[in-house]
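As a plain string of letters, each chain reads:
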Amino acid sequence: MSIMQKMIPVILLVLSEIYLACSNEQPKITPLQSRIHLKVGKQASFACILEEGSLPVDFVWLKGDNVISSSGHVKIESSKEVSTLIMKSIEIQDSANYTCRATNHLGFDSSTSQLIVEGPPIWLKKPTDVRVGPKERFNIECSAIGYPSPSIHWKKQIDSEWRDLFESSNVFTRISPTELTGNQLVKERDEGKYGCEVSNGINPSLWTEFMIKVSGKINYFGKITGAFEFINHMLHENTRSSHRFRIYYNYEISVNKNLFASSKFILIP
């Protein structure tokens, strides 16, 4: 190979730079791949290439709307005409839109690529133990992120066996994919251990347990027994009297000023 042949690539590069430096154009970059699917732990890389435009050109990378720079597992390298973004050992949190923006004194051009990281779910919010009073509504949240989008499964422990919550109780209503609310009067039998399972088809799934405790329990037996004892006493007095009369008796059962039961007895001899 002659010296001239060896010099051809160098000459072409110099001419290209001279052309770009002398041109009077705003930047134009090669579009990035619109969407990239990678698994957790893989490496993601993007190349932003200047096709035309007056030099100098400033390259900036954004994650969503935020400017990013080299740090941690993110590395950015830029030359006059090319800028690269490399992320090693990507995680679920790296899923986002990545944009390259090239700017000179005449304007700018940009291109965006969506990075989707496939992996098992990770917690956003675990449910915690709940203590509720009678007639009190409450919400419970269990949420996680992952790709594919994870599903939430609620369970209740009954006789040492975990059962689907909605098959074993009608107290709860799902108000969102990740949140429950108590939709009725919570009773003592609803007290116990509950669980939340999160899965998206990629192991490991997530599992956590929490307790629901009902405070202000009512001693219905004692109150009702007392009411009937009173009625029996009135009946006894009525039988001793020479005049028959009707007995009207009302009673209420309440806790913390909340009415739970009310009955009226009308006894006609």
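Right above here is the structure, for reference.
So, here's what we can say about the structure. Since this is a predicted model, take the numbers as computed values, not measurements.

1. A short note on the overall build of the protein chain
Right, on to step 1. Looking only at helices and strands, the protein chain features three helices and 20 strands.
Right, on to step 2. For the protein chain, with 269 residues in total, the buried portion stands at 32%.
Right, on to step 3. In the protein chain, 60% of the contacts between residues at least 6 apart in sequence involve partners at least 24 apart.
Right, on to step 4. About 16,700 Å² of surface is accessible on the protein chain, with carbon and sulfur atoms providing 52% of the total.

2. Points about the pairing of strand β17 (residues 192–199)
Right, on to step 1. The buried fraction of β17 amounts to six of the eight residues, a majority that puts the element mostly inside the structure.
Right, on to step 2. Across six bridges, the pairing between strand β13 (residues 151–158) and β17 is antiparallel. Residue pairing for β17: Ser151 is matched across the bridge by Ser199.
Right, on to step 3. Across seven bridges, the pairing between β17 and strand β18 (residues 206–214) is antiparallel. Bridge pairing links Glu197 to Trp207 in β18.

3. Side note on the packing of aromatic side chains
Right, on to step 1. By the definition in use, this model includes seven aromatic pairs.
Right, on to step 2. With 6.3 Å between their ring centres and 45° between their planes, Phe46 and Trp61 make a pair best called tilted. Placement of the pair is Phe46 in strand β3 (residues 44–52) and Trp61 in strand β4 (residues 58–63), with a sequence separation of 15 residues.
Right, on to step 3. Here Trp154 and Phe210 contribute two aromatic rings whose centre-to-centre distance is 6.3 Å and whose plane-to-plane angle is 90°, an arrangement assigned as edge-to-face.

4. Describing the nonpolar core
Inside soluble globular proteins, nonpolar side chains tend to come together where they are buried.
Right, on to step 1. With 22 residues, the main nonpolar core has Phe46, Met87 and Leu115 as its most contacted residues.
Right, on to step 2. Among the elements of the structure, β3, β4, β7 (82–87), β8 (96–104) and β9 (107–125) are those that each provide at least two residues to this core.
Right, on to step 3. Setting aside its immediate chain neighbours within four residues, Phe46 contacts Ile36, Trp61, Ser83, Thr84, Leu85, Met87, Tyr98, Ser113 and Leu115.
Right, on to step 4. One finds Ala144, Leu180, Cys196 and Phe210 within the second-largest nonpolar core, a separate group that totals 20 residues.

5. Concerning the environment of Gly41
Right, on to step 1. Structurally, Gly41 can be placed in the loop between β2 (35–39) and β3.
Right, on to step 2. Sequence separation of Gly41 and Gly119 is 78 residues, and the distance between their C-alpha atoms is 9.1 Å.

6. What about the pairing of strand β16 (residues 179–182)?
Along a regular strand, successive side chains alternate from one face of the sheet to the other.
Right, on to step 1. Strand direction decides the pairing type here: strand β11 (residues 139–141) and β16, joined by three bridges, are antiparallel. Residue Ile140 lies in a different strand from β16, and its bridge partner there is Leu180.
Right, on to step 2. The pairing of strand β15 (residues 172–176) with β16 spans four bridges and is antiparallel. Across the sheet, Thr173 pairs through a bridge with Thr181, a residue of β16.
Right, on to step 3. What sits between the antiparallel neighbours β15 and β16 is a turn of two residues.

7. Some points on the sheet that holds strand β10 (residues 130–132)
Right, on to step 1. Pairing within the open sheet is mixed, and its five strands lie in the order β10-β18-β17-β13-β14. Whereas interior strands pair on both sides, the edge strands pair on one side only; in this sheet they are β10 and β14 (161–164). Sheet twist, expressed as the average angle between the axes of neighbouring strands with direction ignored, equals 30°.
Right, on to step 2. Looking at chain direction, β10 and β18 are connected through three bridges and run parallel. Counted as the bridge partner of Arg131 is Lys213 from β18.

Scoring rules and cut-offs
Residues numbered from 1 in each chain as written. Predicted model: local features only at pLDDT ≥ 70, side-chain atom pairs only at ≥ 80, totals over all residues. Heavy atoms only, no water. Helix = DSSP H or I, 4+ residues; strand = E, 2+ residues; numbered from the N terminus. Buried < 20%, exposed > 50% of the residue type's maximum accessible area, 1.4 Å probe, protein only. Contact = heavy atoms within 4.5 Å. Areas by Shrake-Rupley, 256 points an atom, 1.4 Å probe, with all protein chains shown as cover. Pairing = 2+ DSSP bridges. Phe/Tyr/Trp six-rings, centres within 6.5 Å; stacked < 30°, edge-to-face > 60°. Core = buried A, V, L, I, M, F, W, Y, C linked by side-chain atoms within 4.5 Å. Axes fitted to C-alpha atoms, helices over the stretch in contact; angles between N-to-C directions.

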